[in-house]
Amino acid sequence: EARPAAPLMHSGRPGAGEAAVLLLVDDREQGGAWRGAGLREFCAALGRSGARYETRRLGDGAGDFSFVACSPGGQRPLPLLVERKGVDDIAASLKDGRWGKQQEAMARRNEALFGGGATVRYILEGVRAGRLTPFGCPCGRCAGRAADPPVGGCSAKGWPSMRQVTEAVAALEATHDVVHTRTPDETA
């Protein structure tokens, strides 16, 4: 559940007594295609799109984005959980074990809040099959892996190969609602 604290950033928040849908953005959100494009840049893209949003610290399994229905009686979560990933974030998540843990946490939240009836959507930003950018590692070990180069970092340090990332994305697409976007503006 979202922490009831003052948002860091917001745009178009519903006024008192107004009914509306509000996008909640996790205040730790840094993912997507452009590692340098952090929370402020993404929220600027949301603002340009006209989205009503606010940033909050979202709970375990909430994903990067959740939606709430606002009414005079308060806020009610809507059955849509969204996780945004860029290729570097997918590679890092595979490396440190977050990939499976995040999917499991979102499934638990879906079951607890919505009886399993929510849509769990992944936005893969800048991730296109066959168009992943390998890591240009200067070590000799990675240089010998031209057919299956590492993604995100050096294979000697545990970073996954292009094949592993491609297979993880294909498995995700087979079991979840996946949307591909090119840029933060297109995601917004």
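Preceding this paragraph is the structure being described.
What counts and what doesn't
Residues numbered from 1 in each chain as written. Predicted model: local features only at pLDDT ≥ 70, side-chain atom pairs only at ≥ 80, totals over all residues. Heavy atoms only, no water. Helix = DSSP H or I, 4+ residues; strand = E, 2+ residues; numbered from the N terminus. Buried < 20%, exposed > 50% of the residue type's maximum accessible area, 1.4 Å probe, protein only. Contact = heavy atoms within 4.5 Å. Areas by Shrake-Rupley, 256 points an atom, 1.4 Å probe, with all protein chains shown as cover. Axes fitted to C-alpha atoms, helices over the stretch in contact; angles between N-to-C directions. Parallel < 35°, antiparallel > 145°, perpendicular 65-115°, else oblique. Nonpolar A, V, L, I, M, F, W, Y, C, P; charged D, E, K, R; others polar. Pairing = 2+ DSSP bridges. Polar contact = N/O pair within 3.5 Å; in protein donor to acceptor, adjacent residues only side chain to side chain. Phe/Tyr/Trp six-rings, centres within 6.5 Å; stacked < 30°, edge-to-face > 60°. Lys NZ or Arg CZ within 6 Å of the ring centre and 35° of its normal. Core = buried A, V, L, I, M, F, W, Y, C linked by side-chain atoms within 4.5 Å.

1. Remarks on the overall build of the protein
- A count of helical and extended segments in the protein gives six helices and seven strands.
- In the protein, the order of α-helices and β-strands from amino to carboxyl end is β-β-α-β-β-β-α-α-β-α-α-β-α.
- Residues counted as buried form 45% of the 188 residues belonging to the protein.
- The contacts in the protein between residues at least 6 apart in sequence include a share of 67% that link residues at least 24 apart.
- Carbon and sulfur atoms form 52% of the exposed surface of the protein, whose accessible area is close to 9400 Å².

2. What about the environment of valine 165?
- On the secondary structure map, valine 165 appears in helix H5 (residues 162-175).
- A sequence separation of 78 residues divides valine 165 from valine 87, and the C-alpha atoms of the two residues are 8.0 Å apart.

3. What about the packing of helix H2 (residues 87-96) against H5?
- One can describe the packing of H2 onto H5 by two numbers: an axis separation of 10 Å at closest approach and a directional angle of 95°. Taken together, the axis directions place H2 and H5 in an arrangement best described as roughly perpendicular. Residue-level inspection shows Val87, Ile90, Ala91 and Leu94 of H2 in contact with H5, the latter providing Gln164, Val165, Ala168 and Val169.
- Class assignment for the residues of the contact of H2 with H5 results in seven nonpolar, one polar and no charged.

4. Considerations on the sheet that holds strand E3 (residues 53-56)
- Ordered by their spatial adjacency, seven strands build an open sheet running E1-E3-E2-E4-E5-E6-E7, and the pairing between neighbours is mixed. The open sheet terminates on both sides in strands that have one partner only, identified here as strand E1 (10-11) and strand E7 (177-181).
- On top of the sheet, H2 reaches strand E5 (74-86) and strand E6 (119-125); it is set at about 90° to E5, its chief contact.

5. A look at the side chain of arginine 84
- Checked against the element boundaries, arginine 84 lands in strand E5.
- Relative accessible area serves as the criterion here: at 1%, arginine 84 is assigned to the buried category.
- Within the local environment of arginine 84, its side chain forms a polar contact with the side chain of glutamate 125, the two groups lying 3.0 Å apart.

6. Structural notes on the packing of aromatic side chains
- Under the defined criterion, the tally for this structure stands at one aromatic pair.
- A cation over an aromatic ring shows up here: arginine 84 above the ring of phenylalanine 42, its NZ or CZ 4.1 Å from the ring centre.

7. Quick look at the nonpolar core
- Counting residues in each nonpolar core, the largest one holds 17 residues, and the members touching the most others are Ile90, Tyr122, Leu124 and Val165.
- Here this core gets five residues from one element, more than from any other, and that element is H5.
- Within the second largest apolar cluster, 13 residues are counted, among which are Met9, Val25, Leu39 and Tyr53.

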